[in-house]
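Reading the structure
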Amino acid sequence: MKNILKILLIVIVFTALTSCKQPQARMPISRSSGTFMKESVIRNKKLIAGEEGKIDSIIKSNPKIQYLASKKGYWYCYVIKNERDTLRPKKGDVAQFDYDIMDFKGNVIYSEVELRPQTYHVDKQNIMMGLRDGIKLMHKNEKVTFLFPSHMAYGYHGDNKQITTNEPLICTVTLNDFKPQEVTKTENLKPEK
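So, here is what we can say about the structure in this document.

About the cut-offs
- Residues numbered from 1 in each chain as written.
- Predicted model: local features only at pLDDT ≥ 70, side-chain atom pairs only at ≥ 80, totals over all residues.
- Heavy atoms only, no water.
- Salt bridge = Lys/Arg side-chain N within 4 Å of Asp/Glu carboxyl O.
- Buried < 20%, exposed > 50% of the residue type's maximum accessible area, 1.4 Å probe, protein only.
- Helix = DSSP H or I, 4+ residues; strand = E, 2+ residues; numbered from the N terminus.
- Phe/Tyr/Trp six-rings, centres within 6.5 Å; stacked < 30°, edge-to-face > 60°.
- Lys NZ or Arg CZ within 6 Å of the ring centre and 35° of its normal.

**Thoughts on the pattern of salt bridges**
Counting across every chain of the model gives five salt bridges. Between Lys 90 and Asp 93 there is a salt bridge, with the nearest N and O atoms lying 3.7 Å from each other. On the accessibility criterion, Lys 90 (52% relative accessible area) is exposed. Taking the relative accessible area as the measure of exposure, Asp 93 reaches 3% and is therefore buried.

Here's what the structure looks like:
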């Protein structure tokens, strides 16, 4: 009887081992053809090309104004240029600035009075992408007009108020002052007289 049980146990173990299959990866429930992404890329390329055409029209309509192209894909010109100072805001500095926002037809969306004053901790606060980069190009007491395509402004989302979806913007910025973050912190710690 013991021999029969041993043989039966060996047969069961052998059958169990030989009948097991390798695990197979499950097939996804839905398959993506990638068409959405392809269509999105085509749509964005058309949007950018259209906005760049509008920017080109603005630049050509003002031949006396010298616009400069940035590395980030926006254009700017100096209204007031400060050639004495060499320092520019860098990460961590606290910038004081005023600005206004217009659409490409010249309609004021937000006036300087509505938006003033602005205090910005450079690269440490979330502001419009174009402004984040543009402020770092400026010297103290400069006034610069920026032409931002929508992807450098508020993008697809807009600002949920007056700036619509995919709206390119004109921003005129005056950098009043900027200070290193350490100076700002120590000034706040000074005892009052």
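**Some points on unusual backbone geometry**
Going from Arg 116 to Pro 117, the amide bond is cis rather than trans, its omega being -20 degrees. Here Pro 117 lies in the loop between helix H3 (112-115) and strand E5 (118-121). Non-glycine residue Asp 123 carries a positive phi angle of around 60 degrees. Its location among the elements puts Asp 123 in the loop between E5 and helix H4 (129-134). The backbone phi angle of Asn 160 is positive, close to 65 degrees, even though this residue is not glycine.

**Some words on the packing of aromatic side chains**
Throughout the structure, instances matching the rule amount to seven aromatic pairs. Measuring from centroid to centroid gives 5.8 Å for Tyr 74 and Phe 146, while their planes differ by 65 degrees, and the two rings are edge-to-face. With Tyr 74 in the loop between strand E1 (68-69) and strand E2 (75-80) and Phe 146 in strand E6 (residues 142-148), this residue pair connects regions lying 72 residues apart in the sequence. Residue classification places Tyr 74 among the buried positions, given a relative accessible area of 0%. Residue classification places Phe 146 among the buried positions, given a relative accessible area of 1%. Centre to centre, the rings of Phe 146 and Phe 148 are 5.3 Å apart; their planes meet at 5 degrees, and the pair counts as stacked. Judged by its relative accessible area of 0%, Phe 148 falls in the buried class. A connected cluster of aromatic rings, assembled from ring pairs, spans Tyr 74, Tyr 76, Tyr 78, Phe 146 and Phe 148. Over the ring of Tyr 78 we find Lys 81, and its NZ or CZ is 4.5 Å from the ring centre.

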